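Residue-level listing of the chains:
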Amino acid sequence: GTNSLVVGESLEDFFSAAIDFNPSLRIAEEGLNIGRARERQAEGQLRPQLRANANITENARNSFSQFGQPISEEFVGERFSVSFQQVLFNWQAFAARRRATKIENQREAEYYYELSKLLTDVAERYLNVLFAQDSLTSVAAEVDAVSNQLNQIQSQFSLQLAQITDVRQAEASLAAVEAEQLRLQVELAVAQEQLRAITGIEAGELYILREASALPEAENDMQFWIDLAASNNQQIRARRYALEAAEESISETRGAYMPQVNFFATRQESNVGFDNRFLGDTDNTFIGVDVTIPIYAGGANRARESEARAQRNIAENELRQTELDAEASVRSAYLQVQSSKLLTEAAGRLVESTRLSSDAAQNGFELGAVTNVDVLNALRDQFQAERDLQRARYEQINYLLLLKREAGTLDAGDIVEISRLMVAPDV
């Protein structure tokens, strides 16, 4: 549907829009609703059942008396009844209710995983747009710097103080930077479209990461996060509930061998007897217990139990695989958080170093101490280092959110924490 918020600026804008817009989250939510409805259905089978029945017939009966005289009889037949039934013992129904509860819990865990996945996807795409914007800003400054250098060389060439090869070298460098600028413009458009595709709203003037923001870090050691994921990872929780539901299915099939006991009570008013004969008005009330004992079902029950056991074994192995995958994801995300933190620090130092180197090269060129190529290389290194620093900062945030998602702790509060690091672009 059409989202009322057409343009988004803050990370919260896009996350709020995505919750309303994203089809995968809607599917998971409806799956949860189905799970809840099925649990209520299973519960309803064990609750009292009350039924009313009314039957009215027109009856015409022709017969002969014992003396051979024809007898004609016409009457309106009426039969009304109210019946009550309550399950006293039905192992299959009990197990089905327990299984439905486990499946509802499974669907709930799947919904929360889908929600946390949406959180990380929105954040990643939002940061991708910011990085593309930063890269464009950086490359525009690089175009200016290389253009200035080209102008300097052309002035020197006109005064016969520089070689034509120096001019050509600077022109080639400018062409390369301008080509990179075009590529980054496309990257920005693609990043904006990817953000719109997951949220349904357009990217406006996005809030940007403060230069001086201290980025959040992963507290504790790797084992802490592995242990956290073992108990909280939503995919593991979902598969655990799926295994428990499969075990209840085995229990349900065993119930086919057990007696079923129901209490019943019926009140009936009728003027119709056997074969729709007229009886006159009668009232009949009866209560009792119905016991059904299964004896043999042609081997079908044993086959159902074998199937349920196989399904249980599949569920157990799916849980094991999910646990292995989650641990691998946590280890990877933790290592990437730590390495991106180190990369951010190193990239920060490299930016300072390349700026000093670039300034020194410019001064040296004016004094004739370094060549034009040295200046162009220094400029390239400086602006590349700036873009590498921004990439490392965004990746550190992305990997931390991914780590929290795999550990099962990610929620909207984490997005709010990231949003606090950001300001409107004109501030």
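Along the protein, the regular secondary structure elements total 9 helices and 8 strands. A globule of 427 residues ought to have a C-alpha radius of gyration of about 22 Å, yet the protein, at 38 Å, is considerably larger. With the C-alpha coordinates of the protein rotated into their principal frame, the extents come out at 145 × 45 × 40 Å. A total of 427 residues make up the protein; the buried ones form 38% of that total. Taking as baseline every contact in the protein between residues at least 6 positions apart, the subset at least 24 positions apart corresponds to 81%. As presented, the protein carries roughly 23,900 Å² of accessible surface, and 51% of it is formed by carbon and sulfur atoms. Across the protein, the centroid of the 41 positively charged side chains sits 9 Å from that of the 64 negatively charged ones.

A word on the packing of helix 5 (residues 222-232) against helix 7 (residues 300-366). Helix 7 packs onto helix 5 with a crossing angle of 145° between their chain directions and a minimal axis gap of 9 Å. Crossing hand, helix 5 versus helix 7: right-handed. Here M222, W225, I226 and A229 of helix 5 come into contact with helix 7, specifically with E327, V330, R331, Y334 and L335. Class assignment for the residues of the contact of helix 5 with helix 7 results in 7 nonpolar, no polar and 2 charged.

The next thing to look at is the pairing of strand 3 (residues 70-89). Each regular strand displays side chains that alternate between the two surfaces of the sheet. Sheet topology places strand 2 (residues 49-64) next to strand 3; 16 bridges connect them, and they run antiparallel. For A54, the partnering residue across the bridge sits in strand 3 and is F80. Summarising the sheet, strand 3 and strand 6 (residues 260-272) pair through 10 bridges and their orientation is antiparallel. Among the inter-strand pairings, F80 is bridged to a residue of strand 6, identified as E269.

Another aspect to go through is a nonpolar patch on the surface. Taken together, the side chains of L88, V289, V291, I293, I295 and Y296 define a hydrophobic patch exposed on the protein surface, amounting to about 720 Å² of accessible area. By secondary structure assignment, the location of Y296 is in the loop between strand 7 (278-292) and helix 7. By relative accessible area, which is 70% here, Y296 ends up exposed.

In this section: the pairing of strand 6. Inspection of the sheet shows strand 6 paired to strand 7 by 12 bridges, in the antiparallel sense. Paired with V272 across the bridge in strand 7 is F278.

Moving on: the pattern of salt bridges. Going through the model one piece at a time under the given rule, you end up with 30 salt bridges. Note that K102 and E244 form a salt bridge whose closest N and O atoms lie 3.0 Å from each other. Remark: E244 occurs in helix 6 (residues 234-254) and K102 occurs in helix 3 (residues 91-158); sequence separation between them is 142 residues. On the basis of relative accessibility, which here comes to 27%, the residue E244 falls in the partly exposed class. Notably, a salt bridge pairs K404 with D414, separated by 2.8 Å at the nearest N-O pair.

For helix 5, every residue scored as buried is listed here: M222, W225, I226, L228 and A229. Within helix 5, the buried residues cover an arc of 160° as seen down the axis, which keeps them to one side.

Turning our eyes to something else, we now look at the packing of aromatic side chains. Here the structure, examined in full by the defined rule, presents 8 aromatic pairs. Considering the side-chain rings of F89 and W91, the 6.5 Å spacing of their centres and the 40° angle between planes classify their relative orientation as tilted. Overall, the relative accessible area of 29% leaves F89 in the partly exposed class. Each ring, one from F89 and one from F94, has its centre 6.1 Å from the other, and the planes form 85°; the classification is edge-to-face.

What follows concerns unusual backbone geometry. The backbone of N220 sits at a positive phi, close to 65°, despite the residue not being glycine. Relative to the elements of secondary structure, N220 occurs in the loop between strand 5 (208-209) and helix 5. Overall, N220 belongs to the partly exposed group, its relative accessible area being 46%.

You can see K404 is positioned in helix 8 (residues 372-407). When its relative accessible area of 15% is taken as the criterion, K404 is described as buried. With sequence-adjacent residues up to four places away left out, K404 is seen in contact with W225, T409, L410, D414 and E417.

Rules used throughout
- Residues numbered from 1 in each chain as written.
- Predicted model: local features only at pLDDT ≥ 70, side-chain atom pairs only at ≥ 80, totals over all residues.
- Heavy atoms only, no water.
- Helix = DSSP H or I, 4+ residues; strand = E, 2+ residues; numbered from the N terminus.
- Rg over C-alpha atoms; globule rule 2.2 N^0.38 Å.
- Buried < 20%, exposed > 50% of the residue type's maximum accessible area, 1.4 Å probe, protein only.
- Contact = heavy atoms within 4.5 Å.
- Areas by Shrake-Rupley, 256 points an atom, 1.4 Å probe, with all protein chains shown as cover.
- Lys, Arg positive; Asp, Glu negative; His and termini not counted.
- Charge placed at Lys NZ, Arg CZ, Asp CG, Glu CD.
- Axes fitted to C-alpha atoms, helices over the stretch in contact; angles between N-to-C directions.
- Left-handed = near helix turned anticlockwise from the far one by under 90°.
- Nonpolar A, V, L, I, M, F, W, Y, C, P; charged D, E, K, R; others polar.
- Pairing = 2+ DSSP bridges.
- Patch = residues over 30% accessible without salt bridge, like charges linked within 9 Å, V, L, I, M, F, W, Y side chains within 5 Å.
- Salt bridge = Lys/Arg side-chain N within 4 Å of Asp/Glu carboxyl O.
- Arc of directions from axis to C-beta.
- Phe/Tyr/Trp six-rings, centres within 6.5 Å; stacked < 30°, edge-to-face > 60°.

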